[in-house]
Amino acid sequence: MAVALDSKTTALVLIDLQHGILGMPLQPHSADAIVKASSRMAAAFREKHAKVVYVRVDMNNLLPLIVDRSHRDPSAPPLPAIASELVPAAGFQESDLLITKRHWSAFGQTELEDTLKKLGVTTIVLGGVATNFGVESTARHAVAVGFHVVIAEDACTTLEAEAHTFAMEKIFPMIGRVSTSQEIIDALA
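Residues numbered from 1 in each chain as written. Predicted model: local features only at pLDDT ≥ 70, side-chain atom pairs only at ≥ 80, totals over all residues. Heavy atoms only, no water.

S.K.: I keep staring at the overall build of the protein and nothing clicks. Help me out?
M.R.: Across its full length, the protein holds six helices and six strands. Along its sequence from the N terminus, the protein presents helices and strands in the succession β-α-α-β-β-α-β-α-β-α-β-α. A compact globule built from 189 residues should have a C-alpha radius of gyration of about 16 Å, and the protein, at 15 Å, falls within 12% of that. Buried positions account for 47% of the 189 residues belonging to the protein. Taking contacts inside the protein between residues at least 6 apart in sequence as the whole, the part at least 24 apart equals 83%. When the accessible area of the protein is evaluated, it comes to approximately 9500 Å², of which 55% is carbon and sulfur surface. On the protein, the mean spot of the 16 positive side-chain charges and the mean spot of the 21 negative ones are 4 Å from each other. (Helix = DSSP H or I, 4+ residues; strand = E, 2+ residues; numbered from the N terminus. Rg over C-alpha atoms; globule rule 2.2 N^0.38 Å. Buried < 20%, exposed > 50% of the residue type's maximum accessible area, 1.4 Å probe, protein only. Contact = heavy atoms within 4.5 Å. Areas by Shrake-Rupley, 256 points an atom, 1.4 Å probe, with all protein chains shown as cover. Lys, Arg positive; Asp, Glu negative; His and termini not counted. Charge placed at Lys NZ, Arg CZ, Asp CG, Glu CD.)

Right, dumping it as structure tokens:
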């Protein structure tokens with residue numbers, strides 16, 4: 001089913017295209033592939049005067065969570081600052097919005113929701129890493145606060161191909177639309 005996107009009310013939100021995340025072994029799409037797809041979408045969104053948002057996680061200032069399995073040893077030394085910086089190939093521009101998060105969701109304890117709503121955004125297009133962590137958390141949160149969601153399948157990846165496939169086939173179709181980055185570019189009016 002074709003997706004129609006209004007550039008006046010749609011924003012592209014790209015999750016964690018940063019050194020410390022893209023350096024992990026990613027599947028089913030490589031880091032290079034999703035960065036290319038994401039930067040192509042960002043250029044198309046800018047061309048249509050739609051908002052582009054890059055989200056990064058502050059890897060040395062994560063919210064302390066009470067969990068059964070931490071993703072990082074809390075006693076480990078801090079990561080180099082570059083781990084939390086966007087990779088240049090992701091294409092961030094000064095006109096884009098940069099959100100720094102401390103948790104899985106780009107909406108959790110950030111200004112993203114208020115900023116997008118003030119700009120009149122009603123639909124967000126999502127891409128980034130990891131499909132079943134940051135992207136899925138952001139998608140679920142977006143729907144919960146009233147946004148329509150479109151996920152760019154080929155601009156997302158994760159640590160296990162099966163987890164990516166499960167999210168794309170079972171979770172995302174129930175909370176939004178799943179398309180390719182090219183379909184999204186073509187749909188942006």
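S.K.: Got a minute to help me understand the packing of aromatic side chains in this structure?
M.R.: Any aromatic ring pair is given by two values, namely how distant the centres are and how the planes are angled relative to each other. One pass over the structure, following the stated rule, counts three aromatic pairs. Aromatic side chains Y54 and F92 sit 5.5 Å apart centroid to centroid with 80 degrees between the ring planes, which places their arrangement in the edge-to-face category. With Y54 in strand β2 (residues 51-57) and F92 in the loop between β2 and β3 (97-101), this pair connects stretches of sequence that are 38 residues apart. Overall, the relative accessible area of 0% leaves Y54 in the buried class. (Phe/Tyr/Trp six-rings, centres within 6.5 Å; stacked < 30°, edge-to-face > 60°.)

S.K.: When you look at the sheet that holds β3 in this model, what are you seeing that I'm missing?
M.R.: Adjacent strands of a sheet form backbone hydrogen bonds with each other and so pair up, either parallel or antiparallel. With parallel pairing, six strands are arranged side by side in an open sheet as β3-β2-β1-β4-β5-β6. The open sheet has two edge strands, β3 and β6 (177-179), and neither has a second partner. The sheet shows a mean angle of 25 degrees between the axes of neighbouring strands, direction not considered. By the bridge criterion, five bridges tie β2 to β3 in an arrangement that is parallel. Looking at β3, one finds that R56 is bridged to T100. Helix α2 (residues 31-47) contacts β1 (10-15), β2, β4 (123-129) and β5 (148-157) of the sheet and is inclined by roughly 140 degrees relative to β5. Helix-sheet contacts for helix α5 (residues 161-175) involve β5 and β6, and the interaxial angle to β5 is about 170 degrees. (Pairing = 2+ DSSP bridges. Axes fitted to C-alpha atoms, helices over the stretch in contact; angles between N-to-C directions.)

S.K.: Before we go on, may I ask you to explain the pairing of β1 in this structure?
M.R.: Burial analysis of β1 places six of its six residues in the buried class, the great majority of the element. Residues T10, L12 and L14 point to one face of β1 and A11, V13 and I15 to the other, with burial holding for every one of them. In the sheet, β1 pairs with β4 via six bridges, with the strands oriented parallel. Looking across to β4, one finds that T10 is bridged to T123.

S.K.: Looking at this structure, I do not really get the nonpolar core. What am I missing?
M.R.: Note on soluble globular proteins: their nonpolar side chains tend to be buried together. Counting 35 residues, the largest nonpolar core has L22 and M41 as the members making the most contacts within it. Counting residues per element, the ones that place at least two in this core are β1, α1 (19-22), α2, β2, β4, β5 and α6 (181-187). Considering each element in turn, this core owes the most residues, eight residues, to α2. Dropping the residues within four chain positions of it, M41 is found in contact with L12, L14, V125, A152, A155, S181, I184 and I185. (Core = buried A, V, L, I, M, F, W, Y, C linked by side-chain atoms within 4.5 Å.)

S.K.: Help me out: how do you make sense of the packing of helix α4 (residues 131-144) against α5 in this one?
M.R.: Between two packed helices, both the angle of their axes relative to each other and the distance between the axes serve to describe the pair. Close contact between α4 and α5 brings their axes to 11 Å; oriented N to C, the two are set at 5 degrees. By the angle class used here, α4 and α5 are roughly parallel. From α4, T131, N132, V135, E136, A139, R140 and V143 reach across to α5, where they touch A163, H164, A167, M168, I171, F172 and I175. Taken together, the residues that form the contact of α4 with α5 break down as nine nonpolar, three polar and two charged. (Parallel < 35°, antiparallel > 145°, perpendicular 65-115°, else oblique. Nonpolar A, V, L, I, M, F, W, Y, C, P; charged D, E, K, R; others polar.)

S.K.: Teacher, can you tell me more about a nonpolar patch on the surface here?
M.R.: A contiguous nonpolar surface patch, about 310 Å² in accessible area, is contributed by M24, W104, F133 and L159. Within the fold, F133 resides in helix α4. F133 sits in the partly exposed class, given a relative accessible area of 30%. (Patch = residues over 30% accessible without salt bridge, like charges linked within 9 Å, V, L, I, M, F, W, Y side chains within 5 Å. Salt bridge = Lys/Arg side-chain N within 4 Å of Asp/Glu carboxyl O.)

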